[in-house]
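# Notes for the structure review
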Amino acid sequence: MSRADHAVQLFQGGHACSQAVLLAWAVEQGLDPALAARLAAGLGGGMHQGGLCGAASGAVLVLGLVLGGEACVTKEGREPVFAAVEEFMRRFRERAGSLDCPEILGCDLCSPDGLAKARAEDRFASICEPVVRIAVEILEDELAQG
């Protein structure tokens, strides 16, 4: 199973988009899956505030995990992570149409009406699943390039 398929399967199984993306790398990077799920739990749905898409937030965690070596405690040491995040966000915005959860979904999950609309129109399957896949595909490509 591909990493993207695995992430989508996790999302379909009840994980938040942020968790699904992070969990696609957790074990390989030595991060306990239960701990990874806890770390990313508050990021789904735009941090439940209608902000940055949870799949993109999970991707930022992956970039820090993979690229943030011991030097990441200094400004200079974080530069490779910052550069990768910038590139990821550019590509994600291009493919997903936005960085913000409500813009991607076409409704605001923070409002009862928006959440009801997302559920009634099955936007989690039709929109969020492809966005989880997009995040993982961009990460795979970016990390393969070094």
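Structure report, in brief.

## Remarks on the packing of helix α5 (residues 54-67) against helix α6 (residues 75-96)
In contact at an axis separation of 10 Å, α5 and α6 are set at 150 degrees when each is read in the N-to-C sense. Classed by the angle they form, the pair α5 and α6 counts as roughly antiparallel. Once α5 is placed against α6, the crossing between them reads as right-handed. Seen from α5, the contacting residues are A56, A59, V60, L63, G64 and L67; seen from α6, they are P80, V81, A84, V85, F88, M89 and F92. By residue class, the composition of the contact of α5 with α6 is 12 nonpolar, one polar and no charged.

## Re the packing of aromatic side chains
Taken as a whole and judged by the stated rule, the model has one aromatic pair. Ring geometry for F88 versus F92: centroids 5.5 Å apart, planes at 25 degrees, classification stacked. Taken as a pair, F88 and F92 lie in helix α6 at a separation of four residues, close to a single helical turn. Neither F88 nor F92 differs from the other in exposure class; each is buried.

## Side note on the packing of helix α2 (residues 17-26) against helix α9 (residues 123-144)
Running from N to C, α2 and α9 point in directions that differ by 30 degrees, and their axes come no closer than 10 Å. The crossing of α2 and α9 is right-handed. Together, C17, A20, V21 and W25 of α2 and V132, A135, V136, L139, E140 and L143 of α9 make up the contact between the two elements. A breakdown of the residues in the contact of α2 with α9 according to their chemical character gives nine nonpolar, no polar and one charged.

## Examining the environment of P102
By the element assignment, P102 lies in helix α7 (residues 101-105). C-alpha separation for the pair P102 and G46, spaced 56 residues apart in sequence, amounts to 7.9 Å. Those residues in contact with P102, other than ones at most four positions away along the chain, are G50, G51, C107 and D108.

## Focus on unusual backbone geometry
Of note, M47 is a non-glycine position whose phi angle comes to about 60 degrees, a positive value. Structurally, M47 can be placed in helix α4 (residues 44-50).

## Observations concerning the pattern of salt bridges
Following the criterion strictly, the structure yields eight salt bridges and no others. With a closest N to O distance of 3.0 Å, R3 and E28 form a salt bridge. Placement of R3 in helix α1 (residues 3-12) and of E28 in the loop between α2 and α3 (33-40) is noted, with a sequence separation of 25 residues between them. Within the structure, one salt-bridge network assembled from shared partners comprises R3, E28 and E140.

Here is what the cut-offs are and how they apply
- Residues numbered from 1 in each chain as written.
- Predicted model: local features only at pLDDT ≥ 70, side-chain atom pairs only at ≥ 80, totals over all residues.
- Heavy atoms only, no water.
- Axes fitted to C-alpha atoms, helices over the stretch in contact; angles between N-to-C directions.
- Helix = DSSP H or I, 4+ residues; strand = E, 2+ residues; numbered from the N terminus.
- Parallel < 35°, antiparallel > 145°, perpendicular 65-115°, else oblique.
- Left-handed = near helix turned anticlockwise from the far one by under 90°.
- Contact = heavy atoms within 4.5 Å.
- Nonpolar A, V, L, I, M, F, W, Y, C, P; charged D, E, K, R; others polar.
- Phe/Tyr/Trp six-rings, centres within 6.5 Å; stacked < 30°, edge-to-face > 60°.
- Buried < 20%, exposed > 50% of the residue type's maximum accessible area, 1.4 Å probe, protein only.
- Salt bridge = Lys/Arg side-chain N within 4 Å of Asp/Glu carboxyl O.

Nothing here speaks to function; it is all geometry.
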